[in-house]
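# Close look at the chain arrangement
What follows is the residue order along each chain.
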Amino acid sequence: MGRTSACSRGLWAIQNNPAGLSQLEGIAFGAYYENRWLTKATGFKSAAFAMTFDKAGTLGVSFNQFGYELYNENKLGIAYAKGFGQYIQIGLQLDYLFLKSNDDYGRQDAITFEIGLQSHVTDKLTLGTYLFNPVSFRMHTFNDTKLPTVFRFGIDYQFTKSFSAQCEIEKDTSHKGVSLRAGLEYEIINNLYIRAGAQSNPGILTFGMGYQIKFFQINIAAQMHNELGASLQVGTVFNFNRK
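The structure presented is a predicted model; accordingly, all values stated were derived computationally and were not measured. (Residues numbered from 1 in each chain as written. Predicted model: local features only at pLDDT ≥ 70, side-chain atom pairs only at ≥ 80, totals over all residues. Heavy atoms only, no water.)

### Details of the pairing of strand β11 (residues 192–199)
Defined as follows: Two strands qualify as a pair provided that DSSP identifies no fewer than 2 bridges between them. A run of DSSP states H or I qualifies as a helix once it reaches four residues; a run of E qualifies as a strand once it reaches two. Both are numbered from the N-terminal end.
Here eight bridges tie strand β10 (residues 179–189) to β11, and the two strands are oriented antiparallel to one another. Residue pairing for β11: Glu187 is matched across the bridge by Tyr193. Counted between consecutive antiparallel strands, the loop separating β10 from β11 contains two residues, among which Asn191 sits at a positive phi close to 70°. Pairing between β11 and strand β12 (residues 204–213): eight bridges, direction antiparallel. Opposite Ile194, over in β12, you have Met209 as the bridge partner. A loop of four residues connects β11 with β12, the two strands running antiparallel in sequence, and Asn201 in this loop sits at a positive phi of about 50°.

### Examining the packing of aromatic side chains
Note the threshold: Two aromatic rings, drawn from Phe, Tyr or Trp (for Trp, its six-membered ring), form a pair once their centres lie within 6.5 Å of each other, and the interplanar angle then sorts them: stacked below 30 degrees, edge-to-face above 60, tilted otherwise. In this scheme, Lys NZ or Arg CZ marks a charge over a ring once it lies within 6 Å of the ring centre and within 35 degrees of the ring normal.
Inspection of every chain in the model, using the stated rule, returns twelve aromatic pairs. Site record: aromatic cluster; members linked through ring pairs are Phe29, Phe215, Phe216, Phe238 and Phe240. Just above the ring of Phe84 sits the side chain of Lys82; from NZ or CZ to the centre is 5.6 Å.

### Things to note about the state of the cysteines
Selection criterion: The disulfide criterion is simple: two cysteine sulfur atoms within 2.5 Å.
Counted by the stated rule, this structure contains zero disulfides. Cys7 takes part in no disulfide bond, and the closest cysteine sulfur, belonging to Cys167, lies 8.2 Å away.

### As for the side chain of Lys75
We count it as follows: Within 3.5 Å is the distance limit for a polar contact, defined as a pair of N or O atoms, with the added protein rule that one can donate a hydrogen and the other accept it, and that residues adjacent in sequence qualify only through two side-chain atoms. Throughout, a residue-residue contact means that at least one pair of heavy atoms, one from each residue, lies within 4.5 Å.
Its location among the elements puts Lys75 in strand β4 (residues 71–84). In this structure the side chain of Lys75 is engaged in a polar contact, spanning 3.3 Å, whose partner is the side chain of Glu114. What Lys75 contacts, discounting residues up to four positions off in sequence, is Ser62, Phe63, Asn64, Gln93, Asp95, Tyr96, Leu97 and Glu114.

Written out as structure tokens, the structure is:
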């Protein structure tokens with residue numbers, strides 16, 4: 001959906017906006033792989049687990065890795081989310097970041113956090129806000145490289161039970177300007193979804209499909225970057241409701 005993420009709900013909200021974890025029910029775990037630009041050395045891997053504790057909220061853990069054995073960037077996150085009625089859902093995630101490279105720099109690491117807020121303004125309209133590294137923590141290296149701060153604000157509108165749209169703006173301090181994103185999702189038959197979207201700065205087009213049956217969900221997608229080329233993505237989620 002054009003890489004929109006501020007209004008994400010369910011397990012993979014742990015990668016996008018931890019507030020969306022508050023919409024999860026029961027126990028869920030999943031895995032995701034992205035073959036970025038069709039190059040093994042730039043693959044992105046992710047795994048996540050989350051559990052709800054009734055009215056106490058939702059707790060989740062996740063691990064990401066980008067790269068290969070000679071150079072890789074990693075993130076370990078622990079997230080907590082809780083809803084306060086219809087209008088406010090809040091999520092907080094603590095992150096441990098570490099970079100490993102086969103050169104003189106060796107291993108570098110940092111600790112930071114991210115926070116998210118979502119609000120179901122109406123049954124059809126949801127707003128989402130997300131902030132990563134709000135106090136500008138630094139990577140512990142020879143020159144204390146500053147981590148970027150990332151801000152997103154998004155809107156999700158459910159036109160019908162089977163058709164929804166999202167739009168979003170992102171500011172990443174490591175890039176010039178802002179990125180605009182928009183995406184559509186349509187349930188063509190029961191539990192089978194198609195998705196499409198676009199992003200500016202850089203220009204990216206996306207297309208994907210998803211299928212859900214009982215406790216299992218699978219999503220596949222492809223995206224085209226205007227300079228770096230194509231990427232392929234696949235993700236699965238197992239969700240067991242304890243009720």
